[in-house]
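Residue-level structure breakdown
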Amino acid sequence: KHLVCAKHCVKVIAVDEKLNVTYEESVNFDKELPEFGTQGGVHVHSDKLTVTSPVLMWVKALDIILEKMKSSGFNFSQVKALSGAGQQHGSVYWKRGACKTLKNLSPDLPLHQQLKFSFSLSDCPIWMDSSTTVECRNLEKAVKGAQNLSDITGSRAYEVVVCFLTTVHSLIKCSGMNLLNIRKKSWSQLCLDACAPELEEKLGPAVPSSSVLGPISSYHVQRYGFNSECKVIAFTGDNPASLAGMRLEEGDIAVSLGTSDTLFLWIKEPTPALEGHIFCNPVNSQEYMALLCFKNGSLMREKVRDESASGSWDEFSIALRSTEIGNCGNLGFYFDVMEITPETTGRHRFNADNQKVSNFPKEMEIRALIEGQFMAKRIHAEKLGYRIVPRTKILATGGASHNRDILQVLSDVFNAPVYTIETANSACLGCAYRAIHGVAIGENISFTDVVKLAPEPRLAAVPTAGAAQVSTSGGKGEREGMEPFPDSFCNQSYLSILCVKPSKSQACISEIMSPVLRRL
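Everything numeric here is computed off the predicted structure, so don't read it as measured data. (Residues numbered from 1 in each chain as written. Predicted model: local features only at pLDDT ≥ 70, side-chain atom pairs only at ≥ 80, totals over all residues. Heavy atoms only, no water.)

**Some remarks on the overall build of the protein chain**
In terms of regular secondary structure, the protein chain is built from 18 helices and 26 strands. Within the protein chain, the proportion of its 520 residues that are buried is 55%. (Helix = DSSP H or I, 4+ residues; strand = E, 2+ residues; numbered from the N terminus. Buried < 20%, exposed > 50% of the residue type's maximum accessible area, 1.4 Å probe, protein only.)

Set out below in structure tokens:
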């Protein structure tokens, strides 16, 4: 069984030994807990920077979902192990004495009635909160710079809900807090000292994500009928749980093409940068995962569709099919809203003669957008240590993953096959798989073996013939006129492309990409 506490709801999934989903349920915070007055599960404060959620809302939602399961006749006694995940980048603050309360829970009362005085803060900052910029910069200063903090913890300082459902933290959960040394797999004393006194004692130990924390609480045994031998596996964050749910392996990449675009990467040797996040891997404690988020995703694609394809995805696809791979050397990067990776804005187009231009023909504009979006993703992924290997596959999800022509460009840019997978509940599935793995790991069974019965993804696109060619020409050109761009703009790597004239045959994406990637 697996439980996820997301921004807008709590979800639960149960799977059997063959990985078939046997039960699903959810509780929507806004609809089912209106007394807390949230919108989208959160409170946006008057300064528009502070964004919080009521911690007792989460606790009551847990009560409700377990009561729903009980009313439906769910047999808790058959649950052998459970795990879970919480939304990342947030904080829950327990009061002193909360441990005593947890040890003396009455099975006659729901949790929210017994824990209402157990939290120091009733409203918890979540991932949307941007009110602690000063504290973030102070943390970076305390460790001698943002890059040094990233080298230690996997990312520069971000406004940061570690999951409150367990009191022991998994490595993957800890590695999103800017407090864990991701290479040593232990708390960084330098970062702890920069934040608060006695912090290590308050946080407790950090353990591998597959760790068995112990049996389930006697409270749940008596109130719901869980087997007293049911094991609790270390909880994690929702993004790492999704990586497990998608069953990524070394060299794989998951691309969520939604309102914003998100990349999940399996990395063996990380190189932390000022953009993106490096986490400990949720299914292999010796390796890593990376996460990159791009704000200009589907909304940017829809804008260009409306401008250049009469609002029609069919016309958009025809434009992609009718233009050459590499777009005859024409390149564009499109950021209508302030981008996260990198932090910049504007539309920037360059022709094959390295000249900045104000516009492209409609078909060329569409290909420039899609190729530019995927080039940016590959560039940033490789900056973080991602490397394409012969067995690499790309798993595509989200609305744009239904467009085969967009997926074809993705396949050509990364020179890897693209698969699609149904991931409506990937985080839930991921921790259900992790619960099974946590039990099986004592028998030296790998995560790959645990999930081998799960449904296979569907092949959607393979690289076009010729897209893997790499030019040996040493000629390089610099794209000028994109100021003012911050230094963090990939060290201008976006701007360095190979000066080649398209031949009569198809121009090759990797001919344009190779010098960009070589310079990273």
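**Comments concerning the side chain of Asp252**
On the secondary structure map, Asp252 appears in the loop between α11 (238-246) and β15 (253-257). Here the side chain of Asp252 touches Lys393 through a polar contact of 2.7 Å, side chain to side chain. For Asp252, the contacting residues outside a window of four places in its chain are Arg247, Phe264, Leu265, Trp266, Tyr386, Arg391, Thr392 and Lys393. (Polar contact = N/O pair within 3.5 Å; in protein donor to acceptor, adjacent residues only side chain to side chain. Contact = heavy atoms within 4.5 Å.)

**Looking at the state of the cysteines**
One pass over the full model with this rule turns up zero disulfides. For Cys280, which is in no disulfide, the shortest distance to another cysteine sulfur is to Cys174 and amounts to 8.3 Å. (Disulfide = S-S within 2.5 Å.)

**Observations concerning the packing of aromatic side chains**
If you walk through the whole model with that rule in mind, you get six aromatic pairs. Following the ring pairs from residue to residue traces out a cluster consisting of Tyr23, Phe74, Phe76, Tyr224 and Phe226. The ring of Phe294 has Lys377 lying over it, and the distance from NZ or CZ to the ring centre is 4.6 Å. (Phe/Tyr/Trp six-rings, centres within 6.5 Å; stacked < 30°, edge-to-face > 60°. Lys NZ or Arg CZ within 6 Å of the ring centre and 35° of its normal.)

**Description of the pattern of salt bridges**
Applying the stated criterion across every chain yields a total of 22 salt bridges. Here Asp261 makes a salt bridge to Arg301, at a shortest N to O gap of 2.8 Å. A residue pair is termed long-range when its members are at least 10 positions apart, and Asp261 in strand β16 (residues 261-267) and Arg301 in helix α12 (residues 298-308) qualify at 40 residues. A relative accessible area of 0% places Asp261 in the buried class. Note that Glu371 is salt-bridged to Arg367, the shortest N-O span being 2.8 Å. One end of the pair, Glu371, and the other, Arg367, are both in helix α14 (residues 362-383), four residues apart, so they sit about a helical turn from each other. Connected through shared salt-bridge partners, Lys303, Glu307, Asp336, Arg347, Arg349 and Glu365 make up one network. (Salt bridge = Lys/Arg side-chain N within 4 Å of Asp/Glu carboxyl O.)

**Details of the packing of α12 against α14**
The interhelical angle for the contact between α12 and α14, taken along N-to-C directions, is 170°, at an axis separation of 10 Å. The orientation of α12 relative to α14 falls into the category roughly antiparallel. Taken together, the residues of α14 that come into contact with α12 (itself represented by Met300, Arg301, Val304, Glu307 and Ser308) are Lys362, Glu365, Ile366, Leu369, Ile370 and Gln373. (Axes fitted to C-alpha atoms, helices over the stretch in contact; angles between N-to-C directions. Parallel < 35°, antiparallel > 145°, perpendicular 65-115°, else oblique.)

**Section: unusual backbone geometry**
Phi at Lys144 is positive, roughly 70°, even though this residue is not glycine. Of note, Lys144 is situated in the loop between α5 (133-142) and α6 (146-153). Accessibility expressed as a relative area gives 76% for Lys144, which makes it exposed.

**Digging into helix α15 (residues 404-414)**
A large share of α15 lies buried, amounting to nine of its eleven residues. Those residues of α15 that sit buried are Asp405, Ile406, Leu407, Val409, Leu410, Ser411, Asp412, Val413 and Phe414. Measuring from the backbone nitrogen of Asp405 back to the side-chain oxygen at the start of α15 gives 3.0 Å, which picks out Asn403 as the cap. Looking one or two residues past α15, Asn415 carries a phi angle of roughly 50°, positive in sign.

**Some details on the sheet that holds strand β19 (residues 331-335)**
If you trace the three strands from one edge of the open sheet to the other, you get β19-β20-β21, paired in antiparallel fashion. Either end of the sheet is taken by a strand with one partner, and the two such strands are β19 and β21 (356-357). Across two bridges, the pairing between strand β20 (residues 346-350) and β21 is antiparallel. Paired with Arg349 across the strands is Val357, a residue of β21. α14 rests against β19 and β20 of the sheet, and its axis sits at about 75° to β19. (Pairing = 2+ DSSP bridges.)

**Structural notes on the nonpolar core**
Counting 63 residues, the largest nonpolar core has Leu265 and Leu410 as its most contacted members. By residue number, the principal contributor to this core is α14, which donates seven residues. Split by domain, the residues of this core number at least three in each of domain 1 (2-234) and domain 2 (238-472). Each residue touching Leu265, except ones within four places of it in the same chain, is listed here: Leu243, Asp252, Ile253, Tyr288, Met289, Ala290, Leu292, Ala381 and Tyr386. Core analysis: the second largest hydrophobic core is formed by 36 residues, Val51, Leu82, Cys124 and Tyr224 among them. (Core = buried A, V, L, I, M, F, W, Y, C linked by side-chain atoms within 4.5 Å. Domains from an automatic or database assignment.)

**Things to note about the pairing of β20**
As judged from the five bridges shared by β19 and β20, these two strands associate in the antiparallel manner. Note that in β20 the partner of Phe335 across the bridge is Gly346.

**What to know about the sheet that holds strand β7 (residues 123-125)**
Here three strands make up an open sheet; going across it, the order is β4-β5-β7 and the pairing antiparallel. If you trace the sheet from one side to the other, it starts and ends with β4 (43-44) and β7, each paired once. Relative to β7, strand β5 (residues 51-54) runs antiparallel, the two being bridged by three bridges. Each residue of the ladder has a partner; that of Ser53, found in β7, is Cys124. Set on the sheet, helix α2 (residues 55-71) makes contact with β5 and β7; between it and β5 the angle comes to about 40°.

**Regarding α2**
Under the 1.5 Å per step criterion, the end-to-end length of α2 is 25 Å for 17 residues, consistent within 8% with the ideal 24 Å. Val55, Met57, Trp58, Val59, Ala61, Leu62, Asp63, Ile65, Leu66 and Met69 are the residues of α2 that are buried. (Expected span 1.5 Å × (residues − 1).)

**Here we look at the pairing of strand β3 (residues 21-28)**
Direction of pairing for strand β2 (residues 9-15) relative to β3: antiparallel, over a ladder of seven bridges. The residue of β3 that forms the bridge with Lys11 is Ser26. Connecting the antiparallel pair β2 and β3 is a turn made up of five residues, with Leu19 showing a positive phi of about 70°.

**Quick look at the confidence of the model for the protein chain**
For the protein chain, the average pLDDT comes to 84, and 85% of its residues sit at 70 or higher. This model gives residues 470-520 a pLDDT under 50, and the stretch forms 116 contacts once residues within four places in sequence are excluded. (pLDDT = per-residue confidence, 0-100.)

**What to know about the environment of Gly372**
Looking at where Gly372 falls in the secondary structure, it is placed in helix α14. Sequence spacing of Gly372 and Tyr334 is 38 residues, and the spatial spacing of their C-alpha atoms is 7.8 Å. When near neighbours in sequence (up to four residues on either side) are disregarded, Gly372 contacts Gly332, Phe333 and Arg367.

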